[in-house]
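Chain by chain, the residues:
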Amino acid sequence: IDEIPAMALSATVSPPPRPAAEGVMRVYDPFGRKVEIGREAWRREVLLPNLQANRGNPDALYELIIGALSDDFEADLFESARHLAEHDPQPRRGALALGVVLLQLKDFAAAREVLERALERHGRDTYLLANLARAYAATGDEPRALELIWQALELDPNEETSLSWLIAVTQVKGGQQGVMAAYLRAARLPGSWRAQLYLARFALERGGVAEATR
């Protein structure tokens, strides 16, 4: 198993103070019934025990981490993500999970270190590149971020998150003209189809049926 060296994981992350528990988690029981449980009760009684119980199951641990990130539990995930990065038989996946946790913890320097080391060791990967672009963008290095997101799209021009992120950034800088230029460039990448669908939609909105059909 490839492991990311300890120095790549020595992120100086101190979990931020946890805000007072508020809100509820909506989940389904084994019979398919919707159940509501307080966030703190979910964290204490479901999330943390499951993270501990699945430390030896990389597939399950990865799914738990990604699911909990979407519910903003990143402060509880750092140690599990670091463990996964050290032991995952799919080292790119483990590095990605740790990198994303660090991004959400706003430790952008540590996220860059983890993601760049993974790219050096395991080769280019769409998701590693895209999240590394996020890390550079968060620290104000927009040219490097755009360079990386284009590298991600060259590997998979139809990856929706990367394309949407690119378009959002481009729209801020260049408006609609910049957006069209970005879609046209993406549409020329080998295997591209998603960008062409957006171009067809824009053509239809202007009444260009022949252009959209083409």
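Each remark here, short or long, concerns the structure printed above.
From a predicted model like this one, the values you see are computed outputs, not experimental measurements.

### Section: the packing of helix H6 (residues 126-138) against helix H7 (residues 142-155)
Phase 1 of the analysis: Contact pair H6 / H7: the axes reach a minimum separation of 8 Å and the direction vectors enclose 165°. When the axes of H6 and H7 are compared, the pair comes out roughly antiparallel. Of the two elements, H6 crosses H7, and the hand of that crossing is left-handed. Packed against H6, whose contacting residues are Thr126, Leu129, Ala130, Leu132, Ala133, Tyr136 and Ala137, the element H7 presents Arg144, Ala145, Leu148, Ile149, Gln151, Ala152 and Leu155 at the interface.
Phase 2 of the analysis: Tallied by class, residues from the contact of H6 with H7 come to 11 nonpolar, 2 polar and 1 charged.

### Notes on the pairing of strand E2 (residues 34-38)
Phase 1 of the analysis: Sheet topology places strand E1 (residues 24-28) next to E2; 5 bridges connect them, and they run antiparallel. Residue Val27 lies in a different strand from E2, and its bridge partner there is Val35.
Phase 2 of the analysis: Hairpin connection between E1 and E2: a loop of 5 residues separates the two successive antiparallel strands, and Gly32 in this loop has a positive phi of roughly 85°.

### A word on the side chain of Gln151
Phase 1 of the analysis: With respect to the helices and strands, the residue Gln151 is situated in helix H7.
Phase 2 of the analysis: A relative accessible area of 19% means that Gln151 is categorised as buried.
Phase 3 of the analysis: Residues in contact with Gln151, not counting those within four places in the same chain, are Arg124, Leu129 and Arg144.

### Details of the side chain of Asp88
Phase 1 of the analysis: With respect to the helices and strands, the residue Asp88 is situated in the loop between helix H3 (78-87) and helix H4 (91-104).
Phase 2 of the analysis: One polar contact links the side chain of Asp88 to the main-chain amide nitrogen of Gln90, over a distance of 2.9 Å.
Phase 3 of the analysis: Polar contacts involving the side chain of Asp88 include one to the side chain of Arg93, which spans 2.8 Å.

### A short note on the nonpolar core
Phase 1 of the analysis: Grouped together as the largest cluster of nonpolar side chains are 60 residues, with contacts concentrated most on Ile65, Val101, Leu163, Leu166 and Tyr183.
Phase 2 of the analysis: For this core, the element with the most residues is helix H8 (residues 160-187), which contributes 10 residues.
Phase 3 of the analysis: If we ignore the near neighbours within four places in the chain, the residues touching Val101 are Ile65, Leu69, Glu74, Leu77, Phe78 and Ala81.

### Let's talk about the packing of aromatic side chains
Two aromatic rings are characterised by how far apart their centres lie and by the angle between their planes.
Phase 1 of the analysis: For the structure on display, the rule yields 2 aromatic pairs.
Phase 2 of the analysis: A ring pair is formed by Tyr183 and Tyr198, whose centres lie 5.0 Å apart and whose planes are at 25°; its orientation type is stacked. With Tyr183 in helix H8 and Tyr198 in helix H9 (residues 194-205), this pair connects stretches of sequence that are 15 residues apart. Taken as a pair, Tyr183 and Tyr198 share a single burial class, namely buried.
Phase 3 of the analysis: Look at Tyr183 and you get buried, because its relative accessible area is 6%.
Phase 4 of the analysis: One aromatic cluster is present, built from ring pairs that chain together Tyr183, Tyr198 and Phe202.

What counts as what
Residues numbered from 1 in each chain as written. Predicted model: local features only at pLDDT ≥ 70, side-chain atom pairs only at ≥ 80, totals over all residues. Heavy atoms only, no water. Axes fitted to C-alpha atoms, helices over the stretch in contact; angles between N-to-C directions. Helix = DSSP H or I, 4+ residues; strand = E, 2+ residues; numbered from the N terminus. Parallel < 35°, antiparallel > 145°, perpendicular 65-115°, else oblique. Left-handed = near helix turned anticlockwise from the far one by under 90°. Contact = heavy atoms within 4.5 Å. Nonpolar A, V, L, I, M, F, W, Y, C, P; charged D, E, K, R; others polar. Pairing = 2+ DSSP bridges. Buried < 20%, exposed > 50% of the residue type's maximum accessible area, 1.4 Å probe, protein only. Polar contact = N/O pair within 3.5 Å; in protein donor to acceptor, adjacent residues only side chain to side chain. Core = buried A, V, L, I, M, F, W, Y, C linked by side-chain atoms within 4.5 Å. Phe/Tyr/Trp six-rings, centres within 6.5 Å; stacked < 30°, edge-to-face > 60°.

Worth remembering: the numbers are spatial, not functional.
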